[in-house]
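# Descriptive analysis of the structure
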Amino acid sequence: QVQLGESGGGLVQAGGSLRLSCAVSGRTFSSYAMGWFRQAPGKERELVAVISWGYGSTYYADSVKGRFTISRDNAKNTGYLQMNSLKPEDTAVYYCAAGRGGSDPQGYNYWGQGTQVTVSS
């Protein structure tokens, strides 16, 4: 069974940094995009960033451009989200996902369990 596991979440002060990791087991996702989504209380799940495992092209939500960087390590079948200059509004549960890609969560077949990121003011 395919499993995705996030790690690296936690509590940080505004302006700080966190690096999230997403390890994939069960199969290789070289032909799939890997995306990071987040969901805050009372809000819909939204795309943060996505990277193509086959080519490496990236996309970022406007709210995180210039602050977050998505990357991958194909040999380890692991994706990363480096988050810098964190703001309280970045507080959410962050999910990694794999699938065909796009901004719609329906474009992703496999999901991690989520990791909490809390940014204090």
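The structure under discussion appears in the preceding block.
Model, not experiment: these values are computed from the prediction.

### Focus on the sheet that holds strand 8 (residues 78–83)
Read from one edge of the open sheet, four strands run 1-3-8-7, paired in antiparallel fashion. The open sheet has two edge strands with one neighbour each: strand 1 (3–7) and strand 7 (68–73). Strand-to-strand twist of the sheet, defined as the mean angle between neighbouring strand axes without regard to direction, takes the value 15°. When strand 1 meets strand 3 (residues 18–25), the two strands line up antiparallel, connected through five bridges. Bridge pairing in strand 3 places Glu6 opposite Cys22.

### Quick look at the nonpolar core
Counting 28 residues, the largest nonpolar core has Trp36, Val48, Phe68, Leu81, Met83 and Tyr94 as its most contacted members. Where this core is concerned, the elements lending two or more residues are strand 3, strand 4 (33–39), strand 5 (46–52), strand 7, strand 8, strand 9 (92–99) and strand 11 (115–120). Contact partners of Leu81, with chain neighbours within four places excluded, come to Leu18, Arg19, Leu20, Trp36, Val48, Ala49, Phe68, Thr69, Ile70 and Tyr94.

### Some remarks on the side chain of Arg67
Assignment of secondary structure puts Arg67 in the loop between strand 6 (58–60) and strand 7. Judged by relative accessible area, Arg67 falls into the buried class, the value being 10%. A polar contact is formed between the side chain of Arg67 and the side chain of Asp90, at a distance of 2.7 Å. When sequence neighbours within four positions are dropped, the list of residues in contact with Arg67 reads Gln82, Met83, Asn84, Ser85, Leu86, Lys87 and Asp90.

### Quick notes on the packing of aromatic side chains
Scanning the entire structure with this criterion turns up four aromatic pairs. Centroid distance Tyr95 to Trp111: 6.4 Å. Interplanar angle 75°. Geometry classified as edge-to-face. With Tyr95 in strand 9 and Trp111 in strand 10 (residues 108–111), this residue pair connects regions lying 16 residues apart in the sequence. Three or more aromatic residues joined by ring pairs form one cluster here, namely Phe37, Tyr95, Tyr108 and Trp111. Lying across the ring of Tyr95, Arg45 places its NZ or CZ 3.9 Å from the centre. Arg45 extends its terminal NZ or CZ atom over the ring of Trp111, reaching a point 4.9 Å from the ring centre.

Definitions and limits used
- Residues numbered from 1 in each chain as written.
- Predicted model: local features only at pLDDT ≥ 70, side-chain atom pairs only at ≥ 80, totals over all residues.
- Heavy atoms only, no water.
- Pairing = 2+ DSSP bridges.
- Helix = DSSP H or I, 4+ residues; strand = E, 2+ residues; numbered from the N terminus.
- Axes fitted to C-alpha atoms, helices over the stretch in contact; angles between N-to-C directions.
- Core = buried A, V, L, I, M, F, W, Y, C linked by side-chain atoms within 4.5 Å.
- Buried < 20%, exposed > 50% of the residue type's maximum accessible area, 1.4 Å probe, protein only.
- Contact = heavy atoms within 4.5 Å.
- Polar contact = N/O pair within 3.5 Å; in protein donor to acceptor, adjacent residues only side chain to side chain.
- Phe/Tyr/Trp six-rings, centres within 6.5 Å; stacked < 30°, edge-to-face > 60°.
- Lys NZ or Arg CZ within 6 Å of the ring centre and 35° of its normal.

Keep in mind these numbers describe shape, not what the thing actually does.
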